[in-house]
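Listed here are the chains, written in short residue letters.
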Amino acid sequence: MKRHIILTHGRSGSNFVANSLNLHPQVVNYGEVFGHWTVPSKLNKFGKLFGRTDSQFLDYLYRSSTVYYFAQFWSALSHMRAGKPINFKRRSTITTLGVKEFGMHFDRLGLDDYLAQNPDISVIYLYRENSLQRYLSVLSLNRNRVIATEGDVSIPKLTIDVAEMMTSIEVLEQELAYTHKLVRSLTQNPVLEIKYEEAFAGPESLQAMVKDVCEFLQIDPINQTSKQKKILSSSFQEVIENYGDFVAALKASPYAHWLEAGL
């Protein structure tokens, strides 16, 4: 069985990619594994009591049949509770198994060399170049608790703390620079780079991106993709309550050019 990872950042479209792949009969992607809120992360804490490292934990996730079937049963139970179709897959039918993880966790946990030391892992690097848009999406998620939607949802306007915004954008820029550097260091791993702004420009580019991912993973094309939509799709002025303060702060910063990009 082949291995893959969706290496990404928060609010960069990775849920759409992972969910679309999980609709494929030949693919399983566990999703995030190092976030403290995830089941795998909680299991990892237990494993560390016995001296297991984070890299050994990742190896275990990729190799363990026990973890695989636990994840399948957990997914089936979640789908059943939500009234959604159950998509149980036998391990013997899977072509590629993967995770979805943020570059910041590789940095935080000192896993800089993990992917280079495992050159068989195919890397789908999905990044969002515009850190302002990413910041606003994170802010909306934190305040409104809406991760994504399959229909039209009214999102309340955001009131921006401009000082906090500038500090946060700087952190997001550092995360982006770190992950760019990490990916550039992978000389042996197969790597597919996907820029959010291009892939999520519209339905046609989304479908083209999913096709590219399938070709990269050497699996059959899929006809069905995730139905999730962006949670912020209006202009800055329609989304931000204190729009004047927002514009003034950005115009006085190195990020003024992002005002032209909009949402």
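Our structure's up above, just so we're on the same page.
This one's a predicted model, so the numbers in the text were calculated from it and none came from an experiment. (Residues numbered from 1 in each chain as written. Predicted model: local features only at pLDDT ≥ 70, side-chain atom pairs only at ≥ 80, totals over all residues. Heavy atoms only, no water.)

1. Topic: the side chain of Arg 134
If you trace the backbone, Arg 134 turns up in helix 6 (residues 131-144). By relative accessible area, Arg 134 is classed as buried at 5%. Ignoring sequence-local partners within four residues, the contact set of Arg 134 consists of His 9, Gly 10, Arg 11, Ser 12, Arg 128, Leu 172 and Glu 175. (Helix = DSSP H or I, 4+ residues; strand = E, 2+ residues; numbered from the N terminus. Buried < 20%, exposed > 50% of the residue type's maximum accessible area, 1.4 Å probe, protein only. Contact = heavy atoms within 4.5 Å.)

2. Considering the environment of Leu 141
One can find Leu 141 in helix 6. Sequence separation between Leu 141 and Arg 91 is 50 residues, and the spatial gap between their C-alpha atoms is 34 Å.

3. Overview of the nonpolar core
Grouped together as the largest cluster of nonpolar side chains are 28 residues, with contacts concentrated most on Tyr 30, Phe 106 and Leu 115. Where this core is concerned, the elements lending two or more residues are strand 1 (2-8), helix 3 (54-63), helix 4 (65-81), strand 3 (96-102), strand 4 (121-127) and helix 7 (162-184). With residues near it in sequence (within four places) discarded, Leu 115 still touches Ile 5, Leu 7, Phe 106, Ile 121, Val 123, Leu 186 and Asn 189. In terms of nonpolar packing, the next biggest core, distinct from the first, is built from 22 residues, Ala 18, Leu 21, Ile 124 and Leu 206 among them. (Core = buried A, V, L, I, M, F, W, Y, C linked by side-chain atoms within 4.5 Å.)

4. So, the packing of helix 7 against helix 11 (residues 243-251)
The N-to-C vectors of helix 7 and helix 11 enclose an angle of 45°; their axes lie 10 Å apart at closest approach. Classified by the angle between their axes, helix 7 and helix 11 sit oblique to one another. For the crossing formed where helix 7 meets helix 11, the hand is right-handed. Here Val 162, Met 165 and Met 166 of helix 7 lie close against helix 11, whose contacting residues are Asp 245, Phe 246, Ala 249 and Leu 250. (Axes fitted to C-alpha atoms, helices over the stretch in contact; angles between N-to-C directions. Parallel < 35°, antiparallel > 145°, perpendicular 65-115°, else oblique. Left-handed = near helix turned anticlockwise from the far one by under 90°.)

5. Section: the pairing of strand 5 (residues 191-195)
Only one face of strand 5 is covered, namely the face carrying Leu 192 and Ile 194; the face carrying Val 191, Glu 193 and Lys 195 is uncovered. Sheet topology note: the strand 4/strand 5 ladder contains five bridges and is parallel. Each bridged residue has a counterpart across the sheet, and for Tyr 125 the counterpart in strand 5 is Glu 193. (Pairing = 2+ DSSP bridges.)

6. Points about the pattern of salt bridges
In the structure shown here, the tally under the stated rule is six salt bridges. Of the charged contacts in the structure, one is a salt bridge between Arg 134 and Glu 175, with a shortest N-O distance of 2.8 Å. Of the two residues, Arg 134 is situated in helix 6 and Glu 175 in helix 7; the sequence distance between them amounts to 41 residues. Glu 175 gets classed as buried once you look at its relative accessible area, which sits at 14%. (Salt bridge = Lys/Arg side-chain N within 4 Å of Asp/Glu carboxyl O.)

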